[in-house]
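The lines below spell out each chain.
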Amino acid sequence: MNIYRFHFITKFFLQLSRLTPLYAIVLLCNTAYVKYAISGPLTLVTPVSDFGADSDNCRKYWWRNLLYINNMFDARELCMGVTWYLANDMQMFLVSPLVILPLYYFPVVGMLLAIGLIATHITTTAVINLDSKNPAFNFEDVYIKPWCRIGVFAIGIILAFILHKTKCKIEFFKNKGLRMVTILALWIFGIGLCCVIVYVTWNNGRDGNEIWGRNQILAYTSLERISWGIGLALIIMLCCTGHGGVINQILSWSAWVPLGRLTYGAFLIHITLMPIYLYNRNNMIYYSDYTTVYFFLGHLMLSYGAAFIFSVAFESPMMALEKIILPRKK
């Protein structure tokens, strides 16, 4: 227990050292400089906070971000809107030992606790949305709250436990034909479940009319993230156990590694770059498929380019310092 406690404390400070320095720098830039970079006419009709770049909120509530509790307050007071996710991530990381420790010492108890978290996720989402005026997208009370997302985190813990116990070696069946059928069925189910969650809503509100009843919306919002998590967990399990085929080769491509290291920086920076572009326009945008793709690619390249600069200047030095202070065992 003492060894685990020390290990967890070490992991906690590693988590802080990896997330916080770059986060703090981008937060500072967003607070102090973004307002000077925006001067277009759109600011007169649409608040900048609608795009998540509110310097006034950041001046007042920056400390909530650095304590990773910004998702627990009024959504109108959010600074750097998308960072509610970082708060969720840190909060779920802090409660993870309550499941991981029982899983390690008492697997049945740990598994029941993980299933309990999944049930909590589904129940709280449904109960909160029962009284919501907009259950399809209840941002403040459901979307950014950890108890309405903890279920997917629990699915990840269960998957990690299974892979750890089996050492990433799951043969399913000795009979080759039966094994192949099982693997194929799992692939179809995993990808199919993810696709259903994404595309099942395509006709609801498509023409500006809500055709789903309240019960349908409640069922969907309560189960969508859990279903997506199960589908994704199956895909990861198949890839990790040697049944991924060409999909695993694509996902394991070494070219993703440098991009993966810049993804966190791009996540933080994109929400600042996008409103700077939008609010400095002097004319309206005519949206089309081509315009959307062009904007996506442009914002993507700029976000990753800026992330590279910030990573070299701030993130990499902290990682080097981390390796000096906490050297890894060979």
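Residues numbered from 1 in each chain as written. Predicted model: local features only at pLDDT ≥ 70, side-chain atom pairs only at ≥ 80, totals over all residues. Heavy atoms only, no water.

Enquirer: Describe the overall build of the protein chain, with residues and values.
Expert: Within the protein chain, the regular secondary structure consists of 13 helices and zero strands. For the protein chain, the α and β elements follow one another from N to C terminus as α-α-α-α-α-α-α-α-α-α-α-α-α. Overall, the protein chain is about 70 × 60 × 40 Å in size when its C-alpha atoms are taken along their principal axes. For the protein chain, the proportion of its 330 residues judged to be buried stands at 38%. Across the protein chain, every contact between residues at least 6 apart in sequence was considered, and the portion connecting residues at least 24 apart equals 74%. Counting every atom, the protein chain has about 20,200 Å² of accessible surface; 70% of that belongs to carbon and sulfur. Looking at charge distribution, the protein chain has the averaged site of its 26 positive side-chain charges lying 15 Å from that of its 16 negative ones. (Helix = DSSP H or I, 4+ residues; strand = E, 2+ residues; numbered from the N terminus. Buried < 20%, exposed > 50% of the residue type's maximum accessible area, 1.4 Å probe, protein only. Contact = heavy atoms within 4.5 Å. Areas by Shrake-Rupley, 256 points an atom, 1.4 Å probe, with all protein chains shown as cover. Lys, Arg positive; Asp, Glu negative; His and termini not counted. Charge placed at Lys NZ, Arg CZ, Asp CG, Glu CD.)

Enquirer: Quick one: what's the story with the environment of glycine 116, residue by residue and with numbers?
Expert: Tracing the sequence through the fold places glycine 116 in helix α6 (residues 107–130). Taking C-alpha positions, glycine 116 is 46 Å from threonine 43, a pair spaced 73 residues apart along the chain.

Enquirer: So what about the state of the cysteines? Which residues, and what values?
Expert: Within the structure shown, the criterion is met by one disulfide. Through a disulfide, cysteine 58 is tied to cysteine 79; the S-S separation comes to 1.9 Å. Disulfide cysteine 58 to cysteine 79: torsion about the S-S bond roughly 90°, handedness right-handed. With cysteine 58 in helix α3 (residues 55–66) and cysteine 79 in the loop between α3 and α4 (84–95), this pair connects stretches of sequence that are 21 residues apart. (Disulfide = S-S within 2.5 Å.)

Enquirer: Can you explain the side chain of asparagine 57? Please cite residues and give values.
Expert: Within the secondary structure layout, asparagine 57 lies in helix α3. Residue classification places asparagine 57 among the buried positions, given a relative accessible area of 9%. When residues no more than four places from it in sequence are discounted, the contact partners of asparagine 57 are Trp62, Arg76, Glu77, Leu78 and Cys79.

Enquirer: Describe the pattern of salt bridges, and please don't skip the residues or the numbers.
Expert: The final tally for this structure, using the stated rule, is three salt bridges. Between glutamate 77 and arginine 64 there is a salt bridge; the shortest N-O distance is 2.7 Å. A residue pair is termed long-range when its members are at least 10 positions apart, and glutamate 77 in the loop between α3 and α4 and arginine 64 in helix α3 qualify at 13 residues. With a relative accessible area of 25%, glutamate 77 lands in the partly exposed category. The closest approach of N and O atoms between glutamate 224 and arginine 225, which form a salt bridge, is 3.8 Å. (Salt bridge = Lys/Arg side-chain N within 4 Å of Asp/Glu carboxyl O.)

Enquirer: Please give an account of the confidence of the model for the protein chain that cites residues and values.
Expert: The share of residues in the protein chain with pLDDT of 70 or more is 92%, and the mean pLDDT across the chain is 87. Element-level pLDDT for the protein chain is lowest in helix α1 (residues 2–32), with a mean of 79, against a maximum mean of 95 in helix α8 (residues 150–166). (pLDDT = per-residue confidence, 0-100.)

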